[in-house]
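Residue-level structural notes
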Amino acid sequence: MAEKQFAQLIVVGGGPAGLMAAGQAAGLGVDTVLLEKMEQPGQKLRITGKGRCNLTNVCSQEEFIQHFDRQGLFLRQAFARYFSQDLLDFMDSLQVKTQTERGGRVFPVGEDASDITQKLTHWAASQGVRIQCRTAVQNLLVKDRVFQGVTASDGTVISAQAVILAAGGASFSHTGSSGDGFRMAAEIGHTVVPIRPALVPLKSSGDVCQRLQGLTLHNVEVRVLLDGKVKFKDFGEMLFTHFGVSGPVILSMSGKIVDALREKKKVEISIDLKPALDEAKLDARLLRDMDTHGKQYFRTLLDGLLPQKMVPVMADYCGIAPDKPCHQINAQERALLLHQLKDFRIEIKGHLPLDAAMVTAGGVSLKEVDPRTMQSRLVEGVYFAGEVLDLAADTGGYNLQAAFSTGWLAGNAAAQWLMALSTP
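Quick caveat, the model's predicted, so the values are computed rather than measured.

The rules we used
Residues numbered from 1 in each chain as written. Predicted model: local features only at pLDDT ≥ 70, side-chain atom pairs only at ≥ 80, totals over all residues. Heavy atoms only, no water. Helix = DSSP H or I, 4+ residues; strand = E, 2+ residues; numbered from the N terminus. Buried < 20%, exposed > 50% of the residue type's maximum accessible area, 1.4 Å probe, protein only. Contact = heavy atoms within 4.5 Å. Areas by Shrake-Rupley, 256 points an atom, 1.4 Å probe, with all protein chains shown as cover. Pairing = 2+ DSSP bridges. Axes fitted to C-alpha atoms, helices over the stretch in contact; angles between N-to-C directions. Polar contact = N/O pair within 3.5 Å; in protein donor to acceptor, adjacent residues only side chain to side chain. Right-handed = clockwise from strand over helix to strand, strands pointing away. Salt bridge = Lys/Arg side-chain N within 4 Å of Asp/Glu carboxyl O. Expected span 1.5 Å × (residues − 1). Arc of directions from axis to C-beta.

**Thoughts on the overall build of the chain**
Looking only at helices and strands, the chain has 13 helices and 18 strands in total. On the principal axes, the C-alpha backbone points of the chain span a range of 90 × 45 × 35 Å. Counting across all 424 residues of the chain, residues that qualify as buried make up 55%. Within the chain, contacts between residues at least 6 apart in sequence are counted, and of these 74% link residues at least 24 apart. A total of about 18100 Å² of accessible surface is found on the chain, and carbon and sulfur atoms cover 49% of it.

Structure follows, in structure tokens:
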């Protein structure tokens, strides 16, 4: 612990939100100390986007907000002040060149999340931030609803006039995101919406996914049925695992599925393996193939329709012997095959634990935070930024942009508030 035990502003957490907030405040002349429990800042940032670092997305602000569901409206103020182009300009100032990929996803050309972390950390330090690593914060000190300082885990007290709580979520705890921020917020009176995993792989019933383990399906439509009714869907890529399903499409919808499972609803996914063909066109193709290649076995027909690994599974689903000649397949069996190709069902029974999730859903209630400043509505001098807030989007760069935007807003707002306090 550094011998100096006072700062104007303390930032708790050295992730993207914390680093951005601290750098913004320090750049405005505020004496800022950033406390990070790990050996170096940005541990979770280093593994984001599978290590490639999906910085943001180039979609419109309105579409961006929709990816956060009902909570997205809270981000209007932050995005109005600091949005994707601002972040890209900032990255350019750090000599980080970017590239836009499918779906509007933006990555650094170097595809190295560690490089982003190092440059962001160096920038914050260059702005005057005093970064203290291996310093875990135990609790926030509040008296008469006014922030006073923090107590570190070794008992050291650091006094300050303001704090930005940017301690992250509760997933990938080995990176330092172990839920400390939620506990500290609750201890000073904030409501914490129950935390749960988002962007998390799902567990399935039966052994079908295990049989298909390692298979990636491209360009499929996945529909989610809750108690037998289709509630939402997405299109893209998914992956079968030994425990169930994962991949971009599954992860994007997993937050809603987790909530449905918590409500004890029956959850199924329906995979349209041939979304480019409606049922009539697909049926016509099946008829044509069976007529043209009537002497071929059923498994050969399936080879022309599906990845090889799915052939025996589909034969089982249809109840048709793999070595049955196509000309012996009757209309009822063909109809069953057609149905399975357009509606391949898997029941979802659960999900991997929170620590395996890419994002934590839930967090500090947005009703208790001013969206114009990220300041607490309950305790003077307390600000929030990043994943500690009740904000979670699907995949595509949205969550990281929210971290940078809320961090930018909190850093600037806290600095302006502190400078106003010191003005005679």
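After that view, the rundown keeps rolling.
**A word on the sheet that holds strand 13 (residues 229-240)**
Sheet architecture is closed into a barrel: six strands sit in the order 11-14-13-12-15-16, paired in antiparallel fashion. Between one strand and the next, the sheet's axes are offset by a mean angle of 45°, whatever the strand orientation. Sheet analysis places strand 15 (residues 267-272) next to strand 16 (residues 344-351), joined by five bridges and oriented antiparallel. When the sheet's bridge partners are listed, Ile-269 is paired in strand 16 with Ile-346. Set on the sheet, helix 8 (residues 248-262) makes contact with strand 11 (202-204), strand 12 (216-226), strand 13, strand 14 (244-246), strand 15 and strand 16; between it and strand 13 the angle comes to about 140°.

**Overview of the side chain of Thr-156**
Checked against the element boundaries, Thr-156 lands in the loop between strand 8 (146-152) and strand 9 (157-165). Looking at Thr-156, its side chain comes within polar contact range of the side chain of Asp-154, at 3.0 Å.

**Here we look at the side chain of Thr-135**
You can see Thr-135 is positioned in the loop between strand 6 (130-132) and strand 7 (137-143). A polar side-chain atom of Thr-135 sits 3.1 Å from the main-chain carbonyl oxygen of Cys-133.

**Focus on the pairing of strand 2 (residues 32-35)**
Side chains Thr-32 and Leu-34 of strand 2 all project onto a buried face; the interleaved residues Val-33 and Leu-35 project onto the opposite face, where all are buried too. The sheet contact formed by strand 1 (residues 6-12) and strand 2 spans four bridges and is parallel. Within the sheet, the bridge partner assigned to Ile-10 lies in strand 2 and is Val-33. In terms of handedness, the path from strand 1 via helix 1 (residues 16-27) over to strand 2 forms a crossover that is right-handed.

**Remarks on the environment of Lys-143**
Positionally, Lys-143 belongs in strand 7. Lys-143 sits in the exposed class, given a relative accessible area of 55%. Considering only alpha carbons, one finds Lys-143 and Glu-380, 237 residues apart in sequence, at a separation of 9.9 Å.

**What to know about the pattern of salt bridges**
With the rule as written, the count across this model stands at 20 salt bridges. The partner of Glu-101 in a salt bridge is Arg-52, with the nearest N and O atoms 2.5 Å apart. Of the two residues, Glu-101 is situated in the loop between strand 4 (98-100) and strand 5 (105-108) and Arg-52 in the loop between strand 2 and strand 3 (56-57); the sequence distance between them amounts to 49 residues. Taking the shortest distance from any N to any O, the salt bridge between Lys-265 and Glu-263 comes out at 3.3 Å. A single salt-bridge network, built from bridges that share partners, covers Arg-52, Glu-101 and Glu-111.

**Side note on unusual backbone geometry**
One non-glycine residue with positive phi stands out, namely Lys-50, at about 55°. Here Lys-50 lies in the loop between strand 2 and strand 3.

**Some points on the sheet that holds strand 5**
In spatial order, the strands read 3-5-4; together these three strands make up an open sheet with antiparallel pairing. Across the chains shown, the open sheet's two edge strands, defined by having one partner strand only, are strand 3 and strand 4.

**Looking at helix 5 (residues 113-126)**
Over its 14 residues, helix 5 runs 20 Å from end to end, which matches the ideal 20 Å to within 8%, given 1.5 Å per residue. What helix 5 keeps buried is the set Ala-113, Ile-116, Thr-117, Leu-120, Thr-121, Trp-123 and Ala-124. Here the buried residues of helix 5 occupy an arc of 160° about the axis, which is enough to place them on one side. Residues His-122 and Ser-126 are exposed on helix 5 and point more than 90 degrees away from its buried face.

Coordinates in, geometry out; function isn't part of it.
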